[in-house]
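# Examining the three-dimensional arrangement
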Protein chains: 2
Amino acid sequence: MKTNAINLAEKLAKFSEHWSPRVIAEMNDYQFKLVKLQGEFVWHSHEHTDEVFLVVQGEMEIGFRDCDVVLRAGEMFVVPKGVEHITRASSECHAMIIEPRGVINTGEADSVLTAQNNVWI
Amino acid sequence: MKTNAINLAEKLAKFSEHWSPRVIAEMNDYQFKLVKLQGEFVWHSHEHTDEVFLVVQGEMEIGFRDCDVVLRAGEMFVVPKGVEHITRASSECHAMIIEPRGVINTGEADSVLTAQNNVWI
């Protein structure tokens, strides 16, 4: 068993790429990932799972077809499975994503922003 | 679909009891709970699931039979399933717990600290 705490700020200091989630922990078959967002992602959905965003620093927006949700540091949101969404951040935002192992960042959408999966830091 | 962000500080302001987790969100069959810790809990384990602690404010310790892990704000830890542990906090600490729906706080241990399950705020 690993016996060190996982420090989010230390992990965030290890990468700078936007839209490129890095895995920091696993709980059963779920993963905790850190991501840096800036600009606008692509519309997509995850047909088989909900997806959680928890903002660590900055501010982001989760856009839906009929509304937008603003998330600031210390705020979280559960995107329901199958619901189309897009993430945006006018300034760089640091967030944690929690979802089952194997989920692709662009979901059902084919995109140049599709990131390599399961990259640990 | 709920369209409001879940603000951890706002939710934490809604209760004061120690060792009494409150559910704030669900992702698939997992729950996000907030808890206020102060003093020492009881030794217990969860035979069927890992359990995540993420400290929001203050400092806590997760004791294992052969070591202790200190967690400060912005740090998390995954307690592996089946591993005996105890949580402690010398001053009040606010943390988020992430685990499957239905997990009892005292796990396999019978205790006066066993909290009512599935209490939402």
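Numbers given for residues are sequential positions, taken from 1 along each chain in its written order. As they are written, the chains are lettered A onward and the ligands numbered 1 onward, keeping that order. Whole-chain, interface and lining totals are the exception, using all residues; otherwise, since this is a predicted model, local features are given only for residues with pLDDT of at least 70 and side-chain atom pairs are given and counted only at 80 or more.

### With respect to the relation of the copies chain B and chain A
Filter applied, for reference: Least-squares superposition aligns the copies on the C-alpha atoms of those residues with pLDDT at or above 70 in both. Residues are treated as contacting if the C-beta atoms built from their backbones sit within 7 Å of each other.
It takes a turn of 180° to lay chain B on chain A, together with a shift of 0.0 Å along the axis; the resulting RMSD is 0.0 Å. Expressed as an axis order, the relation between the two copies is that of a two-fold axis. Most of the interface of chain B is mirrored in chain A, where 100% of its interface residues are also at the interface.

### Things to note about the nonpolar core
Test applied: To form a nonpolar core, buried Ala, Val, Leu, Ile, Met, Phe, Trp, Tyr and Cys residues must be joined through C-beta atoms within 7 Å. Burial in this document is a count-based property: other C-beta atoms within 10 Å of a residue's C-beta are tallied, and the residue is buried at 20 or more, exposed at 12 or fewer, or partly exposed in between, with C-beta positions derived from the backbone.
In terms of nonpolar packing, the biggest core is built from 58 residues, with Phe53 and Ala95 of chain A together with Phe53 and Ala95 of chain B touching the most fellow members. Discounting chain neighbours no more than four positions away, the residues touching Ala95 of chain A are Val35, Leu37, Phe53, Leu54, Val55, Val56 and Met60 of chain A.

### So, the pairing of strand 4 (residues 51-57) of chain B
Strand residues, when the strand is regular, have side chains that alternate between the two faces of the sheet. Residue and element names in this part refer to chain B. Heads up, the condition is: Strands are runs of DSSP state E lasting at least 2 residues, helices are runs of H or I lasting at least 4, and numbering of each runs from the N terminus. The criterion for strand pairing is that DSSP finds at least two bridges linking the strands in question.
In terms of burial, strand 4 is largely enclosed, as five of its seven residues are buried. Relative to strand 7 (residues 75-79), strand 4 is paired through four bridges, and the arrangement is antiparallel. In the strand pairing of strand 7, Phe53 is matched with Phe77. By the bridge criterion, five bridges tie strand 4 to strand 8 (residues 86-100) in an arrangement that is antiparallel. Opposite Leu54, over in strand 8, you have Met96 as the bridge partner.

### Quick look at the environment of Phe41 of chain A
Positionally, Phe41 of chain A belongs in the loop between strand 3 (30-40) and strand 4 (51-57). Setting aside its immediate chain neighbours within four residues, Phe41 of chain A contacts Trp19, Ile86, Thr87, Arg88 and Leu113 of chain A.

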